[in-house]
Amino acid sequence: MSASQVFADLPTLAAHIRGVLADKKFVLLYAYNGTGKTRLSMEFKDIGKQAGGRDTLYYNAFTEDLFSWDNDLEGDTDRKLKINSASHFFDGLAELEMDNRIRPLLRRYVDFDFRIDTDDWFVRFFRDDDPDQNIKVSRGEENIFIWCFFLAIVQLAMDGAEAYQWVKFIYIDDPISSLDEHNAITVGNHLARFLERKDHAIRTVISSHHSLFYNVMWNEIKRIDRKFVPCLLSKSRQTGEFQLAYTGDTPFFHHLALLQDLHHAKETGQVFTHHFHSLRSLLEKSSIFHGYKDFATCIKQEEDDPDSTLYGRLVNFLSHGNYSFYDPVAMLPENREHFEKILADFLAFYPFNSALLPQAPAQAEAQ
């Protein structure tokens, strides 16, 4: 398998990942928001449907849309979560006692209970101390419930339940949006308990933009299967092509990806305001990796350098502007000078292998 490959579009990339899973059991993808992770999961699912059937059980933003609230605006008493009964996600719901399968999973995260009505396709929530009072749970609690619903179905698929014998692949994209650090670790560890089962032939893809969750899953899956495939997904702004980079033996590969992007921007002169966001992210990830609390520690400091504090404040200030990645604005010359100095000092402080850093076209031609 080559270190990186380029794909013209998402269907081609999805077909490639399916090919990888012919020999591997796990693919772990890291990509920034806006790269196309969710669309990739749907392209992967659609390939399985082309033969007239289906083979992929998936969790992504569309899974959450299978549930919607009826807030009982007139009576303001019978609040319930509606289930889209047309989806194959709910195959066998009435026969498989899903309440009892979901409840022990959900209890790890929340203190409320629920009832599933399989006649009218509703879920009602209540507190243990007042089971007759239907409540509306928060958006975060709702997402946790849907996630545990999904895990219960994964469990059934791995058990070989007749209703889910069509599942050959599981595709999980960014479970539980807006995870805090504690829940990123908890959800990752909990998911690993399901993935470590070896009594089934189901293959799994996990994609995320959440760096901590990705690192948790990298360590968990590495423990389960040392032959798994970790990779970085990126998209070229110029060509629209997708690049899949296989990242080797470290979960901290996205530090290098950030560095490559920033170095390329500097060398080509395509430096935009949003690059200060990336620069701060690079410094933060590097400081955490080295055990420091403050990203300014990774800004090169010399005994006679009065600007070390200034540069830390500049990064802190300029990375908090409302700068869009999708509508890039050229960086002001003065700010660009600061950006280039901080980046150059970082590279001097942490001497990465220069062969990993892309060169500007003029430099490459001169060699």
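Below you will find a few notes about this structure. Remember, it's a predicted structure, so these values are computed and weren't measured experimentally.

So, how was this worked out
Residues numbered from 1 in each chain as written. Predicted model: local features only at pLDDT ≥ 70, side-chain atom pairs only at ≥ 80, totals over all residues. Heavy atoms only, no water. Pairing = 2+ DSSP bridges. Helix = DSSP H or I, 4+ residues; strand = E, 2+ residues; numbered from the N terminus. Axes fitted to C-alpha atoms, helices over the stretch in contact; angles between N-to-C directions. Contact = heavy atoms within 4.5 Å. Buried < 20%, exposed > 50% of the residue type's maximum accessible area, 1.4 Å probe, protein only. Salt bridge = Lys/Arg side-chain N within 4 Å of Asp/Glu carboxyl O.

1. Describing the sheet that holds strand 11 (residues 229-235)
Each strand in a sheet pairs with another by means of backbone hydrogen bonds, the pair being arranged parallel or else antiparallel. The strand order across the open sheet built from seven strands is 1-12-11-2-10-9-3, with neighbouring strands paired in mixed fashion. Each edge of the sheet is formed by a strand with only one pairing partner; in this case those strands are strand 1 (4-7) and strand 3 (56-59). This sheet shows a mean twist of 20 degrees between the axes of neighbouring strands, independent of strand direction. Note that strand 1 and strand 12 (residues 242-246) share four bridges and pair antiparallel. Looking across to strand 12, one finds that valine 6 is bridged to glutamine 243. Contacts from helix 1 (residues 10-20) reach strand 1, strand 2 (26-30), strand 3, strand 9 (169-173), strand 10 (203-208), strand 11 and strand 12 within the one sheet, and its direction differs from that of strand 12 by about 25 degrees. Set on the sheet, helix 7 (residues 211-224) makes contact with strand 2, strand 10 and strand 11; between it and strand 2 the angle comes to about 160 degrees.

2. A short note on the pairing of strand 10
Most of strand 10 is tucked away: five of the six residues are buried. Two strands pair when backbone bridges link them, and strand 2 and strand 10 are joined in this way by five bridges, in the parallel orientation. Its bridge partner lying in strand 10, phenylalanine 26 is registered against threonine 204.

3. Considering the pattern of salt bridges
Side chains carrying opposite charge are able to pair once their charged atoms draw close together. This model, assessed by the stated rule, comprises 22 salt bridges. For the salt bridge of arginine 223 with glutamate 196, the shortest nitrogen-to-oxygen distance reads 3.2 Å. Of this pair, arginine 223 sits in helix 7 while glutamate 196 sits in the loop between helix 6 (181-195) and strand 10, placing them 27 residues apart in sequence. Since its relative accessible area comes to 52%, arginine 223 is described here as exposed. Judged by its relative accessible area of 34%, glutamate 196 falls in the partly exposed class. Members of the salt-bridge network, linked through shared partners, are Asp70, Asp78, Lys80, Asp117 and Arg124.

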